[in-house]
Structures are given as C-alpha cells and as structure tokens.
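Below are the chains, spelled out letter by letter.
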Amino acid sequence: MQGLFSKDEPNLLVASVAFDSPLDKLFDYQVPSELSAPLQVGQRVQAPFGRANRLQIGFCVAITDLSSAHPLKTIRKVVDSRPLISAELLVLARWISSYYCCPLGKVLAGMVPASVKRSLSVKPPQLYRLTDSGRACLTNQLSVRLGPKQRAVLQTLAEDDQSGSPGLTRRSIIDRTDCSGPTLRSLVHKGYMELFAAGDCFTDEQPSEDATLSPPDWSPNSQQQKALDELNGVLVEPCFGVHLLQGVTGSGKTEVYIRAIEQIIKLGRQAIVLVPEIALTTQTLQRFRSRLPGVCVLHSGLSSTQRRQQWLQIACGYGKVVVGPRSAVFAPAKDLGLIIVDEEHEPSYKQDTQPRYHGRDVAIKRAQLLNIPVILGSATPSLESLYNSQRLPHFSLIRLSRRVHDLPMPKIEVIDLRQERRLRKGLHIFSRALESQLRRILDHGQQAILLLNRRGYAGFVSCPTCDYVLTCENCDVTLTYHRHSRSVSSGRALCHYCLSESRVPANCPTCGQKLILLGIGTQRAEQELARKFPQARFARVDSDSMDRRKYKDVLERFGRGDLDILLGTQMIAKGLDFPRVHLVGILLADTSLTVPDFRSSERTFQLAAQVAGRAGRASPGARVVLQTFNPDFPAICFATTHDYNGFARSELALRESLGYPPFGRLARVILRSPSLSAVGREANHAAAIIAQAIGRSQSPVSSHGPLPPPIGRISGQHRLQFILRAPQAKALHEVLSKARTELFKLPVHVAIDMDPVNLL
Ligand code: ADP
Ligand code: ZN
C-alpha cells in the first residue's frame, strides 16, 4: 500500500458520531481539514443526517484514521469549545448503552444539562482583563483621572487578577460594580483593559460563598467511629469496593457520610452524594452546607444559569461535594474520591424513560471504573444490595444497630382496622388509639407526623347499586376525587397517570343512582383532622399542596414549633430529623400492599420503617400507631418490631422459591402504540425476534409474553410487554444485544427495561 498516500496529502480523519435518535448505531463522518481547532472526542458536532441530510447535532465518540475508500459525508462544524464528556464518562456511557440497551447518543444526550450545552458553544466566552497601562493607572503611575465607576471596574479586575482567575465576564463586572456598558467600552477604548476570548479555561465561575461552617460539639459514637475506621483505609488509599451502611433510623448515617467526605476533601478530592429526590432533601442539604465547604447541587429545579454555574464549578474543581438526584452521578468531577448513595433502596433512583438506568448501579459502575469506594446507605437496604453484601467479594456490610445516645426505637402499636370497623359504624380515619395519642401530644406541646400515602380526597367515585366506577378515558385506571375548595361537592376527578381532569357526574351513567365517594386520601384526612382537633396547627404536605418553596417553608415552621402536626404522603416519611416528634401515625399501612408487583411487600415494609423512624430521635418515650387491614402480613408484622433482618430473611426465602430478584434477573420489553391492533401485531413480531435471539444465544433465558401489564393503557397508549428472566444478567444481555436493533426497528414504540423496579 506504500505510496498510496503521498507525504503531502492531508491526514484524513474519521469521526464516529452518536446522535440522539432511536437508531441504535454510530455514524462515521470525515473530519474536514480546515477546522480551526482539532476535533476532540467528547465534543459535539453538527453533521448531515439521514436520507434528507438534515443537519443534526451528535457527540463525537471516536476519531480514527480514514481507512476505507468508502465515501463519507463531512462534518459541518464543531459545536462545543471543549469536550463536554470526559474520556472516563464516555466509558461509563458506553457501559450504560450496552447494559441498559439504549442507543449511545441518547445516553450521552442525558448526561450534560441543556444549559451547559448551550453555554459551551464554540464561541468562547469573552472576558475582560487589565492591561499594563490599566495597572499603572491604578497605582497612580499614570497621571490620569478616573471616574469612581471606572476606578471601581479596574480595581475589581486587579483583585480578580490577584486571585489567579483569567478574567471576568461583562455580566460579572456589571454585577460587582454596578457600572454601565459605556463605562466598559470607554475603558477598553482608552487601553486600560482588554477583551479576549477565553480559550480552554472556563469562565470565572467563582465558588459561591460558603456559609460559615459549624462543626458539632460532639464526636462520633463508638459504632460510627468503627464505621469510619473501616472506611478510612479505602478513602486514603482509594480502591473499589461497595460498603453497604445499614443503620437504623436515627443511628447517625448522615454523620458518617459527612465525616467521610471531610476526609476526601482533606485529600484534595471530590465526592458525589446521590439522594432520592432533591426536593425532599432540604434538611439534609442544609446539614451538608453547614459542615462542608464547596457543596454544589445539581437538579432540574435550578434555573438554567444556576445549573450551568454549579456544573462548571464542579468541572473546575471548586465544587468539592455534589449533591443531587440520580443524574448527579454524571457530575463532571475530575478528581472523584467517593460516591455516596443515600437511601439506596429508593425506587426513584431508576429512570423510567430512556436511558432506563439505575442511579445506584451506575454509581457502582463509575466507582469501579475509577477504582474508588461507594457507600450505600439505608435503614432498610434493598434486598438486592443486602444479598450482594452477603455474597460478592467487593461488597462489605457495615451496621449501625443503635440510635445515637442509645435512644430506644419508638414503640409501635398496631391497630386492626377490621376490628375497628366492627366496633364503630361509619368511616373513621383516626382510630381511638391514634386519637388519644394525638391529644396527648397536643396537650404536652409535642409534635406528630401522620402518613397517608394517597393524594386527593377519595380513591374512587362509584355507584352503590351497580358497582360502576369512574375510570379514565385515556388510561385503564380509576379516577381519584380531588376536592377544589372547602366544599366536598366542588371537586374534579383526576387521573394520576395522564393527569387529565374530568367533571364528576352526580348520578351513575348506567343506572341513574347517586354516586358516592370511597376510599381516603390526604384531603379527606385533613378535613377530619380539622374537625376533630380544631385547636391543632397542622399542614397538609403532598404534591398537590406543596411546591418546593412551600415545602421548605412548612419544614421551617415545623422546626420552629409553629406547627404541631405534619399530615402527608411519603413526602414526610423520609429523612426528616425533628427532635420534638413524639408520635407517628400511619393511617393506612396497606396502600402499597395491593399493588400487583413482587416488590410490594418490600415497599410496604420500607415505608413503614422509614416513617416510624421519624419519631423519638432526640428523647425516649415516642410512639407509633400503625393502622392496617392486614395486621398478619409479614411486611406489617416485621415493621411493627423494627425487624429488618427478620423481614429480609423471610422475603429472601420467598423470592428464592419464585426465582425473583435478587435470585435471578429480569428485563422487560414494552411495546406501546395508540393502536391496539398495531401493538398486537408488532408484539407477534417481537415475540419472534426474542425467540430467535434466545435460540441463537443458547442462554438460559425464558420469555413470558406478550401480555398486557397490570395497566394495559396509559395516556391513550396500548401496551404489551414481555418479561425476560434468567439466572444471571449476562444471559439477558446475550439475548438482548442480539435482539435490540431489530426490536428498535419495529414501527411501534419499544422500550427495553433492564432490572425493572416496577412491573406496571
Ligand atoms: P440517620 O441519617 O441515620 O437517620 P442522622 O445522621 O440524621 O441519622 O442522625 C440523627 C441525629 O443525631 C441528627 O440530629 C444528628 O445530628 C445527631 N447525631 C448524629 N451522630 C451523633 C453523635 N455521635 N452524637 C450526638 N448526636 C449525633
Ligand atoms: Zn389517565
């Protein structure tokens, strides 16, 4: 082949580009030789795509020498001034693409916040910096008179220069000095400062001011110290390992996280803390901020400017600690030393749109790639993590079995609602026991938390004679009645799946009888609470009554003692640490027991254990009243004795007998379409594709389906699914990697859900 390319022929390069498209492959393009700066892997490019050659943006994921004579389309332009995805995160993205069966372009698209993508476009930010004559001017070596605003601007630039920053943006000069655009222009005109394009440096993202740190006046107790000693080794000499920190509620897990992170920061490295839902983490975040420097948050509730600023601070290394929900696992930390996953059992770590990744499992993978430790914390670890900690060599289990100060766990009293019903006519949301406990609390000026994990006023609108139930037009579910104002009759029926609202007919459309409301939600409990305890100061906390700001406000009022009772959904069940809560009431412990999912027992146990854990965190004598129709269910029985280990043993035995996770693995393939016949027809094709892939791989995979999931239609989309089961994830992947490209080509929407957390 010698001589084919002569010496002076330009070196031709090919870029592999991943587009955010359902097409499950990469596309090769020729890199034009006239680019102003060399293209780097991790940057986005714009290129003609598809038969119509529409210009689309995708990530460059590899650059190779041109080897084939095959003609290629050419990249039009490079979009970003620097790579948005580091080599390390690209390896992680490839793993996610393969493990969760999602096109690489879709994975990458979700890894970087939109605001960052916008701001790092190829036009680099313009920065101002002082010139020599500007400097001379400030030190009066040049006898010129400056206006006060002009002097302030030059002074600010001089200070900035001293702090080692490359320069300041127009925006930040104006923010700091309150000067005007013409002032800046005239200073440049006179040659005292100059404008330049920031090259490879990020803009002047100074760390936001840290609140003054307030170290606690106590030291870790012996169990915490033991946990920290065990972690210390892997923090100082980093090495991959998963440390499951199983600590009862109030045992001081958060304290262990904080001290481990302190250590990481001392070593000059960064940490990521994943939390299930940032909105519910107000209190935890405050604790982190009061103890640690450089705490950044990353979540969708931030404005795009804030989000971009936080992202850049982390990328620059100013940000030391990143706190955020599952997507924060992709934080661009360059020198990561530790990842913590708080409440690792929470199902919200699983994303339910593509890429359908699990934040905890991606955290473990990232830690493995970086050879650093992960801490998974929970009072009620998922059975998967518990099982792994007993079986896998790189897992270890650290237990905090006692509450701090050796406080007792609150005593739990179980109320059998069936018996309660027999004794008292009518609908009673509060049992007599709960009512008397509430009185006691209010009399003593203490506080209570009441959990009812159902929004709205009533779960059903139904006909007492013909059993008609109001259902959604778009979904196969019943509608929930939501009261509008104080009056029960002014309400709407709401679908909790497609969010559509409809009027409630007064009479049954089939038999003409008057319709009635059945089932209880937080609105009804609120009404009852106000009627029974008119003197009580309380707030209802659910996603209808609260936005982020109101929620924060309510927690502050509760903390100050301006409220006696919080009544709400799972929004008040987790993480809250209020010393004066002496009573927790679980109005209906069964809300998730009836969900047709093999994890419903686990969820029921976890929620009861979590909310019970809010009581008695600073002094003894706290009580929990748990109301249930199923006092004999194992999940309920074990919850009432705070017996996580007992529950785990019994549930694991059951799962093993059924071959459900953590014994064996699952994947779902879900087809959906507005047309019932289309989804049925394509499901037959899918069945053939899956069967063929199983045949070719010879893996021990069984496929069940096509079958309608428990909810056959959501938002007008008919759904059919396959459940794939295998003893090991590897077998599932062998099959899915063969089937995925064919499946994604079917003319209906196809989703592959590896390790699903719900089967609805
Ligand atoms: P968990 O996260 O396990 O529920 P926390 O970390 O919230 O527990 O700790 C519960 C409470 O005890 C918090 O108010 C915390 O400040 C306090 N605390 C934690 N560790 C100690 C300790 N060693 N000594 C005194 N108080 C502690
Ligand atoms: Zn609906």
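The rules we used
Residues numbered from 1 in each chain as written. Chains lettered and ligands numbered in written order. Predicted model: local features only at pLDDT ≥ 70, side-chain atom pairs only at ≥ 80, totals over all residues. Heavy atoms only, no water. Domains from an automatic or database assignment. Contact = heavy atoms within 4.5 Å. Buried area = accessible area lost by both parts, 1.4 Å probe. Salt bridge = Lys/Arg side-chain N within 4 Å of Asp/Glu carboxyl O. Donors = N, O, S within 2.8 Å, 3.2 Å for Na, K, Ca; no water. Tetrahedral: all angles 85-135°; square planar, octahedral: opposite > 155°, others 65-115°. Helix = DSSP H or I, 4+ residues; strand = E, 2+ residues; numbered from the N terminus. Buried < 20%, exposed > 50% of the residue type's maximum accessible area, 1.4 Å probe, protein only. pLDDT = per-residue confidence, 0-100. Near = heavy atom within 4 Å. Polar contact = N/O pair within 3.5 Å; in protein donor to acceptor, adjacent residues only side chain to side chain. Areas by Shrake-Rupley, 256 points an atom, 1.4 Å probe, with all protein chains shown as cover. Nonpolar A, V, L, I, M, F, W, Y, C, P; charged D, E, K, R; others polar. 1 Å grid on protein atoms, 1.4 Å probe; cavity = no way out; pocket = protein on both sides within 12 Å on 5 of 7 lines; lining within 4 Å. Points joined across faces, edges and corners; volume = space filled by probe spheres on them. Phe/Tyr/Trp six-rings, centres within 6.5 Å; stacked < 30°, edge-to-face > 60°. Pairing = 2+ DSSP bridges. Right-handed = clockwise from strand over helix to strand, strands pointing away. Expected span 1.5 Å × (residues − 1). Patch = residues over 30% accessible without salt bridge, like charges linked within 9 Å, V, L, I, M, F, W, Y side chains within 5 Å. Core = buried A, V, L, I, M, F, W, Y, C linked by side-chain atoms within 4.5 Å.

(A) Structural view of the domain arrangement of the chain. Entries for the chain in the domain assignment read domain 1 (12-118), domain 2 (126-200), domain 3 (222-404), domain 4 (407-454 + 522-662), domain 5 (456-519) and domain 6 (665-754). Of note, the centres of domain 1 and domain 6, computed from C-alpha atoms alone, are 29 Å apart. Listed by partner, the interface residues are nine residues for domain 1 and nine residues for domain 6. At the boundary of domain 1 with domain 6, total buried surface from both sides reaches about 780 Å², with 51% on carbon and sulfur atoms. By the criterion of area lost to domain 6, the three top residues of domain 1 are D24, Y99 and C101, representing 73% of everything that side buries. Viewed at the interface, domain 6 and domain 1 are joined by one salt bridge. For D24, the salt bridge identified is with R740, shortest N-O distance 2.6 Å.

(B) The arrangement of the coordination of the zinc ion (ligand 2) in detail. Protein-derived coordination of the zinc ion (ligand 2) comes from C472 (SG), C475 (SG), C495 (SG) and C498 (SG), at a distance range of 2.2 to 2.3 Å. For the zinc ion (ligand 2), the four donor atoms in the first shell make angles of 106 to 113° at the metal, a pattern classed as tetrahedral. Mapped onto the sequence, the residues coordinating the zinc ion (ligand 2) show the spacing C-x2-C-x19-C-x2-C. You can see C472 sitting in the loop between strand 17 (460-462) and strand 18 (480-483) and its partner C495 sitting in the loop between strand 19 (491-494) and strand 20 (501-502), a full 23 residues away along the chain. Across the pair, exposure class does not vary: C472 and C495 are buried alike.

(C) Expanded view of the confidence of the model for the chain. Per-residue pLDDT for the chain has a mean of 88; in total, 94% of the residues score no lower than 70. Of the regions scoring below 50 in pLDDT, residues 199-207 engages in 31 contacts with residues more than four places distant in sequence or in other chains.

(D) Structural context of the site of ligand 1. Lining the immediate environment of ligand 1, one finds 17 residues, of which Q224, K253, T254, R287 and D577 sit closest. Within the backbone of G252, a nitrogen or oxygen atom sits 3.0 Å from an oxygen atom of ligand 1. In this structure, R617 approaches ligand 1 through a side-chain N or O atom, which is 3.0 Å from an oxygen atom. The protein chains hide 86% of the 560 Å² of surface that ligand 1 would expose on its own. Here the shell around ligand 1 takes three residues from helix 9 (residues 253-266), the largest share from any one element. In the shell around ligand 1, the residues fall into four nonpolar, eight polar and five charged.

(E) Representation of empty space enclosed by the protein in the model. What the rule picks out here adds up to one cavity of 30 Å³ or more. Considered as a void within the structure, the largest cavity measures approximately 50 Å³ in volume. If you trace the largest cavity, you find it lined by L451, N453, I586, L588, A589, T591, T604, L607 and A608. Element by element, the count of residues in the lining of the largest cavity is highest for helix 18 (residues 600-612), at three residues. Counted by class, the lining of the largest cavity contains six nonpolar, three polar and no charged residues.

(F) Inspection of the packing of aromatic side chains at higher detail. All chains considered together, the criterion is met by 15 aromatic pairs. Relative to Y481, the ring of Y457 has its centre 6.1 Å away and its plane inclined at 75°; by these criteria the two rings are edge-to-face. Here Y481 lies in strand 18 and Y457 lies in the loop between strand 16 (447-451) and strand 17, a separation of 24 residues in the sequence. No difference in accessibility class separates Y457 from Y481, as the two residues are buried. One aromatic cluster is present, formed by F19, F27, Y29 and F49 through successive ring pairs.

(G) Region of the structure containing the pairing of strand 25 (residues 623-628). The element strand 25 is extensively covered by neighbouring structure, given that five of its six residues are classed as buried. Bridging between strand 15 (residues 411-416) and strand 25 involves six bridges; their strand directions are parallel. From the neighbouring strand, I415 faces strand 25, where its bridge partner is Q627. Strand direction decides the pairing type here: strand 24 (residues 581-586) and strand 25, joined by four bridges, are parallel. Looking across to strand 25, one finds that V584 is bridged to V624. Considered for its hand, the β-α-β crossover made up of strand 24, helix 18 and strand 25 is right-handed.

(H) Highlighting the sheet that holds strand 20. Strand order in the open sheet formed by three strands is 18-19-20, with antiparallel pairing between adjacent strands. Looking along the sheet, the strands with just one partner apiece sit at the ends: strand 18 and strand 20. As paired strands, strand 19 and strand 20 are joined by two bridges and run antiparallel to one another. Across the sheet, the residue bridging to A493 is S502, located in strand 20.

(I) Focus on helix 18. Helix length check: helix 18, at 13 residues, gives a terminal C-alpha distance of 18 Å against a target of 18 Å (1.5 Å per residue), a fit within 8%. Burial of helix 18 is extensive: twelve of the 13 residues sit out of reach of the surface. Taken as a whole, helix 18 has its buried residues at S600, S601, E602, T604, F605, Q606, L607, A608, A609, Q610, V611 and A612.

(J) Main features of the environment of A693. Considering the arrangement of structural elements, one finds A693 in helix 21 (residues 676-697). Under the relative-accessibility criterion, A693 is labelled buried at 1%. Separated by 432 residues in sequence, A693 and I261 place their C-alpha atoms 46 Å apart. The contacts of A693, once residues within four sequence positions are left out, are V735, K738 and A739.

(K) Region of interest: a nonpolar patch on the surface. Taken together, the side chains of F460, I516 and L518 define a hydrophobic patch exposed on the protein surface, amounting to about 240 Å² of accessible area. Relative to the helices and strands, I516 is located in strand 21 (residues 516-518). The exposure class of I516 is partly exposed, given its relative accessible area of 35%.

(L) Geometry of the nonpolar core. Counting 79 residues, the largest nonpolar core has I85, L108, M111, V669, L671, L724 and L743 as its most contacted members. Listed in part, the 44 residues of the second largest apolar core include Y387, A622, A639 and F663.

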